[in-house]
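# Inside the fold
Single-letter residue listing:
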Amino acid sequence: MRLIGWAIALAAAGLTPAAAQTPTTPAPTTAAAAPVATPPAGTAQDATKPDAAQPAIVPGSVGHMIPTPGIGEPDGRKGIQFQVTPLGERAARFHDGPLMIIAVLISAFVLILLLWTMYRYSRSRNPVPSRNSHNTLIEVIWTLVPVLILVGIAIPSISLLRAQYSPPKADVTIKVTGHQWYWSYEYPDNGVTFDSYMLKEANDPTRQANQRARTNDDGPPLLAVDERIVIPEGKVVKFLVTADDVIHSFAVPAFWIKQDANPGQVHETWVKVDRAGVYFGQCSELCGARHGFMPIGVEVVPQAQFAQWIASKGGHLKGAAPPAAAAAATAPAATTPAAAHPQATAATEQPATNQAATAQN
Ligand SMILES: [Cu+2]
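Here is a short report on the structure shown in this document. (Residues numbered from 1 in each chain as written. Predicted model: local features only at pLDDT ≥ 70, side-chain atom pairs only at ≥ 80, totals over all residues. Heavy atoms only, no water.)

Helix and strand counts for the chain come out as nine helices and 10 strands. Relative to its 361 residues, the chain shows a buried fraction of 35%. (Helix = DSSP H or I, 4+ residues; strand = E, 2+ residues; numbered from the N terminus. Buried < 20%, exposed > 50% of the residue type's maximum accessible area, 1.4 Å probe, protein only.)

Written out as structure tokens, the structure is:
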């Protein structure tokens with residue numbers, strides 16, 4: 001029995017991202033063959049372009065805001081992350097207050113009752129046991145009290161769930177698609193689409209020569225991404241969540257959202273973030289070998305900077321004419337800079353299925 005327990009524990013450890021990050025077997029052969037050159041700092045992660053052609057990244061600019069330590073990322077403390085949405089604050093208050101108090105009181109009550117029974121009714125102190133089998137009063141009490149406690153918890157819980165599933169009218173809509181193993185984001189009202197990959201460490205042997213390495217300005221290891229979602233502060237943002245291969249889960253702890261991404265289905269979740277900043281999340285569904293390497297980065301900025309970011313991606317504000325159409329009226333040769341995507345990276349680096357990835361690793 002104990003052996004089985006250990007076997008399960010070891011198998012579970014083998015599945016966790018923490019275990020997966022130890023570099024047991026490095027390197028697709030392509031990366032191993034060519035010496036890994038560190039690209040110039042600040043190059044973007046687009047495999048289709050040489051480093052020199054990529055715009056330099058300015059730390060602190062829109063899309064590259066520097067995260068605040070301890071906000072929107074784990075910092076070693078126990079408990080729930082600092083919440084930045086009204087629903088998150090409400091849920092965290094409910095968890096840390098009434099729920100925690102009730103759980104501690106029940107645990108203490110059961111423990112004391114157990115210890116007292118073991119002491120008072122041991123064979124030496126109570127040689128002749130009671131032969132009672134029923135006591136109507138106590139049976140009614142131990143049925144009614146738990147029911148009342150559960151109803152007391154259910155009323156605020158259901159009200160919270162109802163609020164989570166009653167989204168206000170959205171100011172910005174973002175379609176989120178999970179892939180093995182990266183995310184792609186589309187702003188259908190703004191004409192913006194991009195893929196988002198985890199930034200690898202400078203010494204990671206699987207990092208391709210033209211992929212920029214993570215710096216501390218990007219965020220913590222395993223959470224920093226090359227392209228963040230940028231959303232305006234104080235606005236209702238609707239996420240339409242789906243997947244194109246297996247089940248993923250779109251989760252950002254500081255927003256109190258976790259939504260399964262199922263192939264062939266579109267699920268909806270929403271946030272309203274009143275505090276500008278950078279917030280990180282992760283895929284929270286075991287989706288394959290590189291499940292632990294598809295983080296989510298969200299940057300919340302003032303409305304003016306959001307408009308600036310949308311324009312820098314070749315998009316337009318909701319309801320405005322697309323820049324391509326506007327430009328076509330004056331200069332027919334206009335091109336949109338946001339057209340290129342690092343799909344080539346995905347094709348060469350990411351195996352198509354779980355099985356292939358497991359074999360490769
Ligand atoms: Cu996933």
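Right, let's talk about the nonpolar core for a bit. Counting residues in each nonpolar core, the largest one holds 42 residues, and the members touching the most others are Ile174, Tyr187, Ile229, Ile231, Phe239, Phe250 and Phe255. Filtering out sequence-adjacent residues up to four positions away, Phe239 remains in contact with Ile174, Val176, Ile229, Phe250, Ile257, His267, Glu268, Thr269 and Val271. (Core = buried A, V, L, I, M, F, W, Y, C linked by side-chain atoms within 4.5 Å. Contact = heavy atoms within 4.5 Å.)

On any regular strand, side chains alternate: one points to one face of the sheet, the next to the other face. Here strand S2 (residues 182-187) lies mainly inside the structure; five of its six residues are buried. Relative to S2, strand S1 (residues 172-179) is paired through five bridges, and the arrangement is antiparallel. Residue pairing in the sheet places Lys175 in a bridge with Glu186 of S2. Here S1 folds back onto S2 in antiparallel fashion, the turn holding two residues. For S2 and strand S3 (residues 192-196), the ladder comprises five bridges, and the chain directions are antiparallel. The residue bridging Ser184 from the neighbouring strand is Asp195, located in S3. Hairpin geometry of S2 and S3 is characterised by an intervening segment of four residues between the two adjacent antiparallel strands and by a positive phi of about 70° at Gly191. (Pairing = 2+ DSSP bridges.)

Turning our attention to the pairing of strand S4 (residues 229-232). Residues Ile229 and Ile231 point to one face of S4 and Val230 and Pro232 to the other, with burial holding for every one of them. Relative to strand S10 (residues 295-301), S4 runs parallel, the two sharing four bridges. Paired with Ile231 across the two strands is Val300, which belongs to S10.

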